[in-house]
Amino acid sequence: MSSHKSITTHLLQHPDTADMYKKATQCCFLELAGQGRLPKESLSQWLSQDRLYAQAYCRFIGGLISRVQLPVSSATEASRTTPFRILLMLQTAMIGVTTELQFFEKTAGEYQLDLAALEGGGQEFEANEVTKACIDLFDSFTTAEAGQGRSLLQGLVMLWALEKVYLDAWTPPAGDALDGGALRNKFIPNWAGDQFRAFVGHIQECLDAFASEAADSDVDQVAMNAWKEILILEEGFWPRVQ
């Protein structure tokens, strides 16, 4: 990686993952969602899985917080360091996801969406295969002690990748809304608005600073592996619709 290129720029511009990123941010489900053409049943089934994802995301953020090592210095000096900036960013992430869980419940009630919708004729509501993989990934940051197994660098890359994909995947809708307007009026503004865009930018700044200060020689490879892992999961998280 060029010394003048940030880690996030390196990942976004890497030719080996260009097609993977396209598949993670563009699909028929997103196209129909953006046009307001997803029936309530389809939206409910996906949102019910996204809610389980968000619940596990809370544990993921907790795992990242446990890996932040604040410097041994005065409070004034420490507040200017990259670790302290990361800690504040993760605090924002935790507040954001807990607020979003409440938002899901409120919006589902307003638009008569089922947040425990069954998929594929199932008899019991549960996480599907891809959601389970996401939950396992998140929990891999909580089952190992800080400094063992998953690293903070991996986690920051994954956090940024998850949110960057969401930001780029959702586009303004057009046309009639089969879901009653839930996506157009509530969900898409939540995932593609200025506040969320600023949050993704904050993660990116923290990740770039952390990676630039890392002493490890394998930063690029660790980041690339984490980037690919998320892109594969994100592609699979969008339901297949016609």
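As annotated in an unreviewed UniProt entry, the protein carries the name Thiaminase-2/PQQC domain-containing protein and comes from Apiospora saccharicola.

S.K.: How do you make sense of the packing of helix H4 (residues 40-65) against helix H7 (residues 129-139) when you look at a structure like this?
M.R.: For any two helices packed against each other, the geometry comes down to the angle between their axes and how far apart the axes lie. Relative to each other, H4 and H7 sit at 10°, their axes nearing to 8 Å. With respect to each other, H4 and H7 are oriented roughly parallel. On the side of H4, the interface is formed by Gln49, Leu52, Tyr53, Ala56, Tyr57, Arg59 and Phe60, while H7 contributes Thr131, Cys134, Ile135, Phe138 and Asp139. Grouping the amino acids of the contact of H4 with H7 by side-chain chemistry returns eight nonpolar, two polar and two charged.

S.K.: Please clarify how the side chain of Glu163 should be interpreted in this entry.
M.R.: As for its placement among the helices and strands, Glu163 is situated in helix H8 (residues 152-169). Despite its burial, Glu163 pairs with no opposite charge; the closest candidate is Lys164, at 12 Å N-O. Residues in contact with Glu163, not counting those within four places in the same chain, are Tyr57, Phe196, Phe199, Val200 and Ile203.

S.K.: Whenever I open this one, H4 confuses me. Can you help?
M.R.: Residues that lie three or four places apart on an α-helix share one face, since the helix turns once every 3.6 residues. Look at H4: 37 Å from first C-alpha to last across 26 residues, which is about the 38 Å you get at 1.5 Å a residue. The buried count for H4 comes to 19 of 26 residues, which makes it a mostly enclosed element.

S.K.: Looking at this structure, I do not really get the packing of aromatic side chains. What am I missing?
M.R.: Here a ring pair, both rings aromatic, is described through the centre-centre distance and the interplanar angle of the planes. Inspection of every chain in the model, using the stated rule, returns 26 aromatic pairs. Ring geometry for Phe29 versus Trp238: centroids 6.1 Å apart, planes at 25°, classification stacked. Of this pair, Phe29 sits in helix H3 (residues 28-34) while Trp238 sits in the segment after helix H11 (219-237), placing them 209 residues apart in sequence. Using a relative accessible area of 1% as the deciding quantity, one classes Phe29 as buried. With 5.2 Å between their ring centres and 40° between their planes, Tyr53 and Phe237 make a pair best called tilted. With a gap of 184 residues between them, Tyr53 in helix H4 and Phe237 in helix H11 connect regions that are remote in the sequence.

S.K.: Help me understand the packing of helix H2 (residues 18-25) against H8 in this model?
M.R.: For the pair H2 and H8, interaxial distance at closest approach is 9 Å and the crossing angle is 65°. When you trace H2 past H8, the crossing you get is right-handed. Together, Tyr21, Ala24 and Thr25 of H2 and Lys164, Val165, Asp168 and Ala169 of H8 make up the contact between the two elements.

S.K.: Help me understand H2, please; the structure alone is not making it clear to me.
M.R.: Every buried residue belonging to H2 is among Tyr21, Ala24 and Thr25, and all of these are buried. Taken around the axis of H2, the buried residues stretch over an arc of 85°, which confines them to a single face.

S.K.: I would appreciate a short explanation of the environment of Glu100 in the present structure.
M.R.: Examined against the element boundaries, Glu100 turns out to sit in helix H6 (residues 82-111). We classify Glu100 as buried; its relative accessible area is 18%. What Glu100 contacts, discounting residues up to four positions off in sequence, is Asn190 and Trp191. Within the local environment of Glu100, its side chain forms a polar contact with the side chain of Asn190, the two groups lying 2.9 Å apart. Here Trp191 takes part through its side chain, which lies 3.2 Å from a polar atom of the side chain of Glu100.

Parameters and conventions
- Residues numbered from 1 in each chain as written.
- Predicted model: local features only at pLDDT ≥ 70, side-chain atom pairs only at ≥ 80, totals over all residues.
- Heavy atoms only, no water.
- Axes fitted to C-alpha atoms, helices over the stretch in contact; angles between N-to-C directions.
- Helix = DSSP H or I, 4+ residues; strand = E, 2+ residues; numbered from the N terminus.
- Parallel < 35°, antiparallel > 145°, perpendicular 65-115°, else oblique.
- Contact = heavy atoms within 4.5 Å.
- Nonpolar A, V, L, I, M, F, W, Y, C, P; charged D, E, K, R; others polar.
- Buried < 20%, exposed > 50% of the residue type's maximum accessible area, 1.4 Å probe, protein only.
- Lys, Arg positive; Asp, Glu negative; His and termini not counted.
- Salt bridge = Lys/Arg side-chain N within 4 Å of Asp/Glu carboxyl O.
- Expected span 1.5 Å × (residues − 1).
- Phe/Tyr/Trp six-rings, centres within 6.5 Å; stacked < 30°, edge-to-face > 60°.
- Left-handed = near helix turned anticlockwise from the far one by under 90°.
- Arc of directions from axis to C-beta.
- Polar contact = N/O pair within 3.5 Å; in protein donor to acceptor, adjacent residues only side chain to side chain.

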